[in-house]
Amino acid sequence: SSGINAEYGVMARRWMNSTLLNLALRRESIIPFLDGGTEAFKGHCRVVVPLTTACIECNMDLYPPQRNFPLCTIANTPRLPEHCVEYAKIVLWPKEQPFGADVAVDGDNPDHITWLYKTAADRANSFSISGVTYRLTQGVTKRIIPAVASTNATIAAACVTECLKIATSSYRYLDNYLMFNNIDGVYTFAFKSERKENCLACSRASQKLTFAKSDPLQVMLDTIGSETGFNLRKPTLTTVVRGENRTLYMSNIPQMEEALRPNLTRSFGELELENEQEIVVTDPGVKMPVHFILTLT
């Protein structure tokens with residue numbers, strides 16, 4: 001059996017990747033899967049064979065970080081229509097509360113998008129910026145990446161072709177990454193993506209982090225939660241202190257998060273953590289726990 005993965009966003013891909021790796025590590029089944037994705041005129045197709053080829057997590061650095069605009073720019077010197085939409089969403093929405101207190105922006109609510117569009121258009125006019133449309137407002141609010149039919153068709157065809165090769169053993173499948181670029185002419189390139197020795201998912205190696213013993217626990221959360229780090233956004237941290245299991249922080253249960261929140265401002269020393277301390281992190285984005293070894297200076 002095999003599968004084709006064309007999920008929107010990185011987190012869904014990470015979950016699928018860790019789920020299939022978990023099956024392989026437990027020796028239940030090795031299920032190859034095809035990962036395809038597009039971004040306007042660019043796309044990719046890759047073949048992932050758990051524990052054999054590079055997995056999704058091995059190549060996390062290939063995904064571009066989410067685009068954000070500096071608050072000082074959108075507040076003081078907007079230059080793009082996107083700046084005006086972000087200003088309406090980040091600054092004016094919580095200030096004016098157009099649909100009542102504590103009502104968050106819902107990108108699927110037409111009334112919310114309409115209010116943001118009109119507000120952003122007024123701000124754009126005051127700075128002589130053109131290009132604010134309803135569609136742009138919705139795209140910026142929901143972080144929508146524009147889709148191009150020809151790119152989608154090409155990547156879909158590549159994924160189905162590779163899946164057919166695997167299912168029928170009719171020909172050697174892709175080894176293991178195909179890039180596609182349709183911006184200026186048509187360009188494709190296939191190469192073998194190597195497994196990462198300390199991959200978060202497929203290597204099962206403990207990850208090493210270095211901090212000062214006086215640093216607060218919040219520093220570790222910032223490190224493992226950053227897009228350039230491990231991208232663990234809703235972690236639960238547990239460890240063993242003096243022979244007893246201890247939960248340092250838990251983000252996915254509100255009552256526990258509130259009770260353990262003071263630990264974030266306490267230093268590693270105050271939490272009785274030692275050099276070479278092992279901390280186990282679980283996160284909804286990855287199926288298996290991640291082990292970190294702390295070097296405290």
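Given the structure is predicted, the values throughout are model-derived calculations rather than measurements.

Student: Can you walk me through the sheet that holds strand E10 (residues 286-296) in this structure?
Tutor: As summarised here, the arrangement of the five strands in space is E6-E10-E9-E7-E8, forming an open sheet in which the pairing is mixed. The open sheet has two edge strands, strand E6 (207-211) and strand E8 (244-250), and neither has a second partner. Recorded for the sheet is a direction-independent mean angle of 30° between the axes of neighbouring strands. Judged from the five bridges that link them, E6 and E10 form a sheet pairing that is parallel. Bridge pairing links Leu-209 to Leu-294 in E10. Running at roughly 95° to E10, helix H1 (residues 10-25) makes contact with strand E9 (277-283) and E10 of the sheet. Sitting on the sheet, helix H7 (residues 217-225) is in contact with E6, strand E7 (236-241), E8, E9 and E10, with an inclination near 135° to E6.

Student: What's the story with the side chain of Glu-57 in this structure? I'm lost.
Tutor: Following the sequence through the fold, Glu-57 ends up in the loop between strand E3 (42-48) and helix H2 (71-76). In this structure Glu-57 comes out as buried when scored by relative accessible area, which is 7%. Not counting the four nearest positions on each side in its chain, Glu-57 is found in contact with Arg-14, Asn-17, Cys-199, Leu-200, Ala-201 and Val-286.

Student: I'm lost on the nonpolar core in this one. Help?
Tutor: The nonpolar side chains of soluble globular proteins are, as a tendency, buried together. Judged by nonpolar contacts, the single largest core of 26 residues is most densely connected at Leu-217, Met-220, Ile-224, Leu-237, Leu-273, Phe-292 and Leu-294. When contributions to this core are tallied by element, the ones reaching two or more residues are E6, H7, E7, E8, E9 and E10. Ranked by residues supplied to this core, first place goes to E10 with five residues. The contact partners of Ile-224, leaving out residues within four places of it in the chain, are Leu-209, Phe-230, Asn-231, Leu-232, Pro-235, Leu-237, Val-281 and Phe-292. The next biggest cluster of nonpolar side chains, apart from the first, holds 15 residues, and it includes Cys-84, Val-85, Ala-121 and Val-140.

Student: Please explain unusual backbone geometry as it appears in this structure.
Tutor: Leaving glycine aside, a negative phi is the common case for residues, and trans is the common case for peptide bonds. The omega torsion of the bond from Asp-175 to Asn-176 falls at -5°, within 30 degrees of zero and hence cis. Summarising the element assignment, Asn-176 is placed in the loop between helix H6 (149-168) and strand E4 (177-181). You will see that Gln-97, though not glycine, has its phi angle at about 45°, which is positive. With respect to the element layout, Gln-97 can be found in the loop between helix H3 (81-96) and helix H4 (110-126). Positive phi, close to 65°, is recorded for Glu-276, a residue that is not glycine. Assignment of secondary structure puts Glu-276 in the loop between helix H8 (254-260) and E9.

Cut-offs applied
Residues numbered from 1 in each chain as written. Predicted model: local features only at pLDDT ≥ 70, side-chain atom pairs only at ≥ 80, totals over all residues. Heavy atoms only, no water. Pairing = 2+ DSSP bridges. Helix = DSSP H or I, 4+ residues; strand = E, 2+ residues; numbered from the N terminus. Axes fitted to C-alpha atoms, helices over the stretch in contact; angles between N-to-C directions. Contact = heavy atoms within 4.5 Å. Buried < 20%, exposed > 50% of the residue type's maximum accessible area, 1.4 Å probe, protein only. Core = buried A, V, L, I, M, F, W, Y, C linked by side-chain atoms within 4.5 Å.

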